[in-house]
Structures are given as C-alpha cells and as structure tokens.
Amino acid sequence: MALKLYTNSFSRGVVVDWLLIELGIECERIEVAFDTEMKTPEYLKINPFGKVPVLVDDGIVIYELGAICAYLADKCVEQGLAPALDDPQRGIYYRWLFFISGPWEAAATDRMLGVGVNPEQKSSVGYGDYDDAYNAFVVGLSEAAPYLCGEQFTAADVLVAAMLFWQLKMNEIEPHSAIERYLENVSQRPSYQQFAAFFSNV
Ligand SMILES: N[C@@H](CCC(=O)N[C@@H](CS)C(=O)NCC(=O)O)C(=O)O
C-alpha cells in the first residue's frame, strides 16, 4: 500500500497515527516543519492551506483530517472501522464525522478566539452558538454505548475522542459526565495507549 502521510508530530496528524494503529497498516510518514517547510511553493502545491496532515494515495491528495479518517477507514474496509454502506449506523457515523469537522470545529474556534454569536445572528449561523453546539455534543455522547456507533468502534471515534482529549487538555471544552464516560470507554482500546504516548508530547 503506497500511502504517504505529510504530518508533524506536534499536530492533529497524531490522530491519523492513531487510526493507522487501529487499521494495522503501514504508511510512509513525512515530517513537515511548521512555518518553513509547510509554506514552501512545493508544499503549497500539495496543500494550498500550507497545513498538515495530508495523505497521498497513489497521487491522490487528501487534506482535511476528517476526510483522511473517512478515506482510510473505507480503503481498509476489512478492518471494520466504518459501518457498512447498507448499515443504518452509517448515518450516525457520517453525522459525527461532519459534526466534528464542521459545526464543532467552528464553534470551538469561536470560543478559543473569544468571538461570540449574538442572539440575532444565531439563526444564520450553522451551529447556532457555542452553547448549542456543546449541548448537541454532550447529548450525542450520552447515547454512545459504548462507542458512537454502538458496539462498533469506528474512525469517527478516533476523530471525536482525539478532539475531546485535546480540548480537555487545553481547557477548550468544559468537562461533562457524558464526555468522561465516553472517553473512559475509548481509553480501553489497546491502541489508545500508543496514542496517549504521542499525545503527551503534543
Ligand atoms: N482543517 C484542517 C486543519 C489543519 C490544521 O490546522 N493543521 C495545523 C496543525 S494542527 C497546521 O498545520 N498548522 C500550521 C500552519 O497553519 O502554519 C484539518 O482538519 O486537517
């Protein structure tokens, strides 16, 4: 499998590292330095954002962490990290992948930057405001039994759990019993121990 991952050990690229462990596949890892290598004309041709992670599979370039996770889970379908196309849990799986990559990322960024949405703007903002997005997040997590798609651990769990571990560490999300219970479930995965080792350096 000729996969290449452009990444940095102190970036969200560690989420892909965790997924690769779960998938049990090899991938060439290319460490890209912040500020310098990420902004060269050569690298900007790979990712015009000048960011990591980027996965390249046989000349096809995939940036955006959520897309990389979904792509790898489908590519390695036999590992069972995505619900089957005809499984209704596939809908829940998509919901989480899109929720984290879109509304949650935007709402959490607003909170980090101290930018609020006023009540008149809420109906025009896709995630309402941070409190609405947080509420949707914890309501969804309270249904995880034990994982987001029930008994099946998926690439969405890797994405969501990694985001939660990171945001709790950075005080970018308020703790909640639903978050704690969900992360306790995910922490039982053997792959989590390896992720925790990368993550402690980030
Ligand atoms: N939306 C992108 C965000 C990627 C991103 O922000 N990467 C950060 C590291 S976590 C980065 O490369 N920053 C370097 C820079 O912007 O110069 C994704 O989900 O992959």
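Peer 1: Is there a simple way to think about the overall build of the chain in this case?
Peer 2: Across its full length, the chain holds eight helices and four strands. At 17 Å, the chain has a C-alpha radius of gyration in line with the 17 Å of a compact globule built from 202 residues. The C-alpha extent of the chain, read off along each of the three principal axes, is 45 × 40 × 35 Å. Out of the 202 residues belonging to the chain, those deemed buried represent 33%. By sequence separation, contacts in the chain at least 24 residues apart represent 64% of the contacts at least 6 residues apart.

Peer 1: Help me understand the packing of helix α3 (residues 65–75) against helix α6 (residues 155–169) in this model?
Peer 2: The geometry of a pair of packed helices is captured by two quantities: the angle between their axes and the separation between those axes. Here α3 crosses α6 at 150 degrees, and the two axes come no closer than 9 Å. With respect to α6, the axis of α3 lies roughly antiparallel. For the pair α3 and α6, the sense of crossing is right-handed. Contacts from Leu65, Gly66, Cys69, Ala70, Leu72 and Ala73 of α3 reach α6 at Ala155, Val158 and Leu159. Across the contact of α3 with α6, the residue classes break down as eight nonpolar, one polar and no charged.

Peer 1: Would you take a moment to explain the sheet that holds strand β2 (residues 28–31) for this structure?
Peer 2: Pairing within the open sheet is mixed, and its four strands lie in the order β2-β1-β3-β4. Looking along the sheet, the strands with just one partner apiece sit at the ends: β2 and β4 (60–63). Neighbour-to-neighbour, the strand axes of this sheet turn through a mean angle of 20 degrees, independent of strand direction. For strand β1 (residues 3–7) and strand β3 (residues 54–57), the ladder comprises four bridges, and the chain directions are antiparallel. Of the residues in β3, the one forming a bridge with Leu3 is Asp57.

Peer 1: Please explain unusual backbone geometry as it appears in this structure.
Peer 2: In this structure, the amide linkage connecting Val52 to the following residue, Pro53, adopts the cis form with an omega of 5 degrees. Topologically, Pro53 is positioned in the loop between α2 (41–46) and β3. The peptide bond linking Ala145 to Pro146 adopts the cis configuration, its omega dihedral lying at -10 degrees. Topologically, Pro146 is positioned in the loop between α5 (130–142) and α6. Phi angles above zero are rare outside glycine, and Asp35 is one such case at about 70 degrees.

Peer 1: Just checking my understanding: could you explain the domain arrangement of the chain for this structure?
Peer 2: Size of an interface, as often reported, equals the accessible area lost when the parts are brought together. For the chain, the domain assignment lists domain 1 (3–79) and domain 2 (89–199). Averaged C-alpha coordinates put domain 1 and domain 2 at centres separated by 21 Å. Each partner contributes residues to the interface: domain 1 has 15 residues there, and domain 2 has 13 residues. When residues of the side of domain 1 that touches domain 2 are traced back to their parent elements, those giving at least two are α1 (13–23) and α3.

Peer 1: Got a minute to help me understand the packing of α1 against α6 in this structure?
Peer 2: Look at α1 against α6: their axes get within 10 Å of each other, and the N-to-C directions meet at 145 degrees. With respect to the hand of their crossing, α1 and α6 are arranged in right-handed fashion. In contact with Val15, Trp18, Leu19 and Glu22 of α1, α6 contributes Ala155, Val158, Leu159 and Ala162.

Peer 1: For this particular structure, what's the right way to read the site of the ligand?
Peer 2: The local shell around the ligand consists of Ser11, Arg12, Phe34, Met38, Gly50, Lys51, Val52, Pro53, Glu64 and Leu65. Classifying every residue of the shell around the ligand gives five nonpolar, two polar and three charged.

Peer 1: Just to check I follow, could you spell out α1 for this structure?
Peer 2: Across the eleven residues that make up α1, a large majority, ten, are buried. Within the span of α1, buried status applies to Gly13, Val14, Val15, Val16, Asp17, Trp18, Leu19, Leu20, Glu22 and Leu23. Each element contacted by the buried residues of α1 is listed here: β1, α3, α6 and α8 (190–199). Looking one or two residues beyond α1, the residue adopting positive phi is Gly24, at roughly 65 degrees.

The rules behind the values
Along each chain, residue indices are assigned from 1 in the same order as the chain's sequence is written. Predicted model: local features are reported for residues with pLDDT of at least 70 only, side-chain atom pairs are reported and counted for 80 or more only, and whole-chain, interface and lining totals are derived from all residues. Elements are defined by DSSP. Helices are runs of H or I of four residues or more, strands are runs of E of two residues or more, and each kind is numbered from the N terminus. This radius of gyration counts C-alpha atoms alone. The globule rule is 2.2 Å times how many residues there are, raised to the power 0.38. Counting other C-beta atoms within 10 Å of a residue's C-beta gives its exposure: the residue is buried at 20 or more, exposed at 12 or fewer, and partly exposed in between, where C-beta atoms are placed from the backbone. This entry defines residue contacts through backbone-placed C-beta atoms, with two residues in contact when those atoms are within 7 Å. Angles run from 0 to 180 degrees between N-to-C directions of axes, and those axes are lines fitted to C-alpha atoms, restricted for helices to the stretch in contact. Here the angle decides the label: under 35 degrees means roughly parallel, over 145 means roughly antiparallel, 65 to 115 means roughly perpendicular, and every other value means oblique. Crossing handedness is read from the near helix: turned anticlockwise from the far helix by less than a right angle, it gives a left-handed crossing, and turned clockwise, a right-handed one. Any residue that is not Ala, Val, Leu, Ile, Met, Phe, Trp, Tyr, Cys, Pro, Asp, Glu, Lys or Arg is counted as polar, Gly included; the first ten are nonpolar and the last four charged. Two strands are said to pair when DSSP picks up at least two bridges between them. Residue ranges for the domains trace back to a domain assignment, done automatically or taken from a database. Only the C-beta atom matters for nearness: placed from the backbone, it must lie within 6 Å of the molecule or strand for the residue to count as near.

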